[in-house]
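# Structural overview
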Amino acid sequence: MAESYIAFLRAINVGGRTVTMERLRGHFTELGLGEVRSYIQSGNVFFTTGETDRAALTARIEGHLAAELGYQVPVMLRTVDEVAELVAADPFAGIELTPQLRLCVVFLSEPLPGDTVFPIHDPKGDWEVIGAVPGAAFVVMHLRNGRLNGNPAAAFPKSYRGQGTSRFFHTTVKILNAARR
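Notes on the structure follow. (Residues numbered from 1 in each chain as written. Predicted model: local features only at pLDDT ≥ 70, side-chain atom pairs only at ≥ 80, totals over all residues. Heavy atoms only, no water.)

### Observations regarding the packing of helix α1 (residues 21-30) against helix α2 (residues 54-69)
Their axes nearest at 10 Å, the elements α1 and α2 cross at an angle of 130°. Classified by the interaxial angle, the pair formed by α1 and α2 is oblique. In terms of crossing hand, the pair formed by α1 and α2 is right-handed. Between α1 and α2, the contacting residues are Arg23, Leu24, His27, Phe28 and Glu30 on the first element and Ile61, His64, Leu65, Glu68 and Leu69 on the second. Considering only residue class, the contact of α1 with α2 consists of five nonpolar, two polar and three charged. (Axes fitted to C-alpha atoms, helices over the stretch in contact; angles between N-to-C directions. Helix = DSSP H or I, 4+ residues; strand = E, 2+ residues; numbered from the N terminus. Parallel < 35°, antiparallel > 145°, perpendicular 65-115°, else oblique. Left-handed = near helix turned anticlockwise from the far one by under 90°. Contact = heavy atoms within 4.5 Å. Nonpolar A, V, L, I, M, F, W, Y, C, P; charged D, E, K, R; others polar.)

Quick look at the structure:
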């Protein structure tokens, strides 16, 4: 039976590396993945597959994208159900949203080390990592002068060898709703 996935891609349409969503969908289709769709320009691809080895599937997608695009594109795969569970868990419950705050989900390729202690605060006050589950970390970003500053991934222990890609929490909800259509 085919599983529905969301591929959260890092390094898509940033830093001068641009790819159209039509081309990106084509690369996923070339891999034999089904019902390929994309959502907004930041690298969110929906597809179905009967493949059950997620690590092998991730490696296959990353290898194909690197070969076709000429640069590495880290891929964080989640099932639609996994993203639904993350959203339903409401990891930012109790945080009063103000115009100076942004709530972010960092989708992780590997779980953070088990001894990671939360919250982790940026010394400059730009962000705080308030918690994590095996596939994601939850970050509150503080705007200064209307801008986001700092990189919360820098807070992860040096022993962390994984990759991550961020989405605003409200965007994650929209991605999930689009994936369910």
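Still more ground to cover, so stick around.
### Quick notes on the sheet that holds strand β3 (residues 44-49)
Read across the sheet, four strands follow the order β2-β3-β1-β4 without closing on themselves; strand pairing throughout is antiparallel. Pairing within the sheet leaves two strands with one partner each, and these edge strands are β2 (34-39) and β4 (75-79). Mean inter-strand twist for the sheet, computed between neighbouring axes without regard to direction, equals 25°. Here β2 pairs with β3 via four bridges, running antiparallel. Across the sheet, serine 38 pairs through a bridge with valine 45, a residue of β3. Of the strands in this sheet, β1 (3-9), β2 and β3 touch α1, which is tilted by about 155° from β2. (Pairing = 2+ DSSP bridges.)

### Quick look at the environment of glutamate 30
As for its position among the elements, glutamate 30 is in helix α1. Filtering out sequence-adjacent residues up to four positions away, glutamate 30 remains in contact with His64 and Glu68. One polar contact links glutamate 30 to histidine 27, side chain to side chain, over a distance of 3.4 Å. (Polar contact = N/O pair within 3.5 Å; in protein donor to acceptor, adjacent residues only side chain to side chain.)

### Let's talk about the pairing of strand β5 (residues 101-108)
Along β5, seven of the eight residues are buried, which leaves the element largely enclosed by surrounding structure. In the sheet, β5 pairs with strand β8 (residues 136-142) via seven bridges, with the strands oriented antiparallel. Across the sheet, residue phenylalanine 107 finds its bridge partner in β8, namely alanine 136. Two strands pair when backbone bridges link them, and β5 and strand β9 (residues 164-168) are joined in this way by five bridges, in the antiparallel orientation. Each residue of the ladder has a partner; that of leucine 108, found in β9, is glycine 164. (Buried < 20%, exposed > 50% of the residue type's maximum accessible area, 1.4 Å probe, protein only.)

### A closer look at α2
If you check α2, its first and last C-alpha atoms are 22 Å apart, about what 16 residues at 1.5 Å a residue would give, namely 22 Å. The set of residues buried in α2 consists of Leu57, Thr58, Ile61, His64, Leu65, Ala66 and Leu69. As for α2, its buried residues are in contact with β1, α1, β3 and β4. Where α2 begins, the side chain of aspartate 53 points an oxygen toward the backbone nitrogen of alanine 55, at a separation of 3.2 Å. With its phi angle positive at about 85°, glycine 70 sits one or two positions after the end of α2. (Expected span 1.5 Å × (residues − 1).)

### Remarks on the sheet that holds β8
Strand order in this open sheet of five strands is β6-β7-β8-β5-β9, and the pairing throughout is antiparallel. Two strands in the sheet have a free side with no partner beyond their single neighbour: β6 (120-121) and β9. Lying on the sheet, helix α4 (residues 169-180) is in contact with β5 and β9; it crosses β9 at an angle near 90°.

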